[in-house]
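# Structural features, examined
Here is what each chain is made of, one letter per residue.
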Amino acid sequence: MIQLYQPLNFMGLLYREVKQAVIDIELMFNILGQAPEVEDRGDATTLNVTRGDVRFENVRFGYDSAREVLKGLSFTIPAGHTVAVVGSSGAGKSTLSRLLFRFYEPWSGRITIDGQDIAGVTQTSLRAAIGMVPQDTVLFNDSIGYNIRYGRWDAGEDEVREAARAAQIDGFIQRVTGSYEAQVGERGLKLSGGEKQRVAIARTILKGPPILVLDEATSALDTFTERDIQEALRRVSENRTTLVIAHRLTTIVDADEIIVLDKGVIAERGRHEALVAKGGLYARLWNRQREADVDAEQDGSALPPD
Ligand code: ATP
C-alpha cells in the first residue's frame, strides 16, 4: 500500500504545482492582458523584505516608445501605510501596479522595496512579497475551499475558515452551501463579482504578504456589498504596505495619502479632507461621484439584493 501511496502522493504534489503555475499565469494574463516581457537578471538576488517600504523614484514608462504613460513619478508608501491612486480612466493607475509586479521595466527611474531596486531581484521573490486583490478574480472549477486555499496550499482548515470569516465570505458559504467542499463554477455555485472579490481577499489573507495591491472593481457593486467589502479590505490592509488603485473614492477617505494622477503626472496629492477643501481635480472627481451615488439611490440600484 505504501508503495502505491508514495508515487500517488508525488503525483498529487506535481499536479498542484502544475496547477499553481497555470493559475499564476492566468492571473498574470488577467492583470496584464498580455504575456510577460521581463526576465530575471543573471545576477538577480532574493528580495529581502524587512519593513515593507515601497518607493517609486522618478519613474518614466510607456508601453511603446511613441507614448509616455508615466512621466516621472515619485512617491513613497511607508511600511504599513496605505497610498491610494486615483484619476480618470487611462491616467496610468493600473500601470503602476504592473510595474510594481515587474511585468514591465521603467524606461528610467526605479522602484525599490526596502531600498532594493526591484529590477535586480528575482521575480519569484518579488511576487511572493506582494499580494494582489484584482478587479476580476479568476475562480476555478473546484471547491470553494480549494479556491481560498490557493492563497497558501499548506493552510489548515481552521485557517481557511478564519480567512473566509475575515473576508466576510464565511457566512455566505454556510448559508448557501453549508460546506467548503461545494463546487464553484459552471456546474456548481455561481458567485457574484463581490463574492468573488471576497474569495480573493480570503486568499490574500491566507498568503499574508507584507505588501498589498488592491485593484478595485470598476463595475458598480451595490452599496451594501461594497460596505462589506470595504470592511474586509480594511482588515486585510491593516499593518501592510498597501497600494490601492481606486475607482470608488468613498473607499479611500482614510488613506494616508491620495495621489491624483492626470495624464501620467501627479496633479495633486494629500489626504482626503485637504484635497476636497482645495477644490481642484480631486474635489471635482469626488463631487461627480457623489452626484452619481445620489442618482443610484434615487433609482433604487443602491438597495441590497433580497
Ligand atoms: P482605468 O481606470 O480605466 O483602469 P488606468 O488609469 O488604470 O485606467 P492604465 O491601465 O494604467 O490606466 O493605462 C494607461 C494608459 O496606457 C492608457 O492610455 C492605456 O490605453 C495604455 N495601456 C494600458 N495597457 C496597455 C498595453 N498593454 N499596451 C499598450 N497600451 C496600454
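Presented here is an overview of the structure given in this document. Keep in mind the model is a prediction, meaning the values are calculated, not measured. (Residues numbered from 1 in each chain as written. Predicted model: local features only at pLDDT ≥ 70, side-chain atom pairs only at ≥ 80, totals over all residues.)

## Remarks on the overall build of the chain
- In terms of helices and strands, the chain carries 10 helices and 10 strands.
- The buried share of the chain, taken over its 306 residues, is 32%. (Helix = DSSP H or I, 4+ residues; strand = E, 2+ residues; numbered from the N terminus. Buried ≥ 20, exposed ≤ 12 C-beta atoms within 10 Å, placed from the backbone.)

## Here's the deal with the packing of helix H5 (residues 157-166) against helix H7 (residues 193-207)
- Packing of H5 against H7 brings their axes to within 8 Å, and their N-to-C directions diverge by 125 degrees. Classified by the angle their axes make, H5 and H7 are oblique. Note that H5 runs across H7; the crossing there is right-handed. Note on element contacts: H7 touches H5 through Ala-202, Ile-205 and Leu-206, opposite Glu-159, Val-160, Ala-163, Ala-164 and Ala-166.
- Residue composition of the contact of H5 with H7, by class: seven nonpolar, no polar and one charged. (Axes fitted to C-alpha atoms, helices over the stretch in contact; angles between N-to-C directions. Parallel < 35°, antiparallel > 145°, perpendicular 65-115°, else oblique. Left-handed = near helix turned anticlockwise from the far one by under 90°. Contact = placed C-beta atoms within 7 Å. Nonpolar A, V, L, I, M, F, W, Y, C, P; charged D, E, K, R; others polar.)

## Focus: the sheet that holds strand S2 (residues 70-77)
- The antiparallel open sheet is built from four strands, whose spatial order is S2-S1-S4-S5. The strands lining the two open edges of the sheet, one partner per strand, are S2 and strand S5 (116-117).
- Sheet topology places strand S4 (residues 108-113) next to S5; two bridges connect them, and they run antiparallel. Along S5, the bridge assignment pairs Ile-113 with Gln-116.
- Helix H2 (residues 93-100) rests against strand S1 (54-61), S2 and S4 of the sheet, and its axis sits at about 115 degrees to S1. (Pairing = 2+ DSSP bridges.)

## A closer look at the site of the ligand
- Around the ligand sit 12 residues, and of these Tyr-63, Ser-89, Lys-93, Ser-94 and Thr-95 come closest.
- A per-class count over the shell around the ligand returns three nonpolar, eight polar and one charged. (Near = placed C-beta within 6 Å.)

## Overview of the sheet that holds strand S7 (residues 211-215)
- A sheet is described by the order of its strands in space; here six strands give the open sequence S6-S7-S8-S3-S9-S10, paired in mixed fashion. Pairing within the sheet leaves two strands with one partner each, and these edge strands are strand S6 (130-133) and strand S10 (265-270). Across the sheet, the mean angle from the axis of one strand to that of its neighbour is 20 degrees, orientation sign disregarded.
- Pairing of S7 with strand S8 (residues 241-245), which is carried by five bridges, proceeds in the parallel orientation. Counted as the bridge partner of Asp-215 is Ile-245 from S8.
- In the packing of H2 onto the sheet, the strands contacted are strand S3 (82-86), S6, S7, S8 and strand S9 (257-262), and the crossing angle to S8 comes to about 145 degrees.
- Of the strands in this sheet, S6 and S7 are in contact with H7, which crosses S6 at around 170 degrees.

## Looking at the pairing of S10
- By the bridge criterion, five bridges tie S9 to S10 in an arrangement that is antiparallel. Paired with Ile-258 across the two strands is Gly-270, which belongs to S10.

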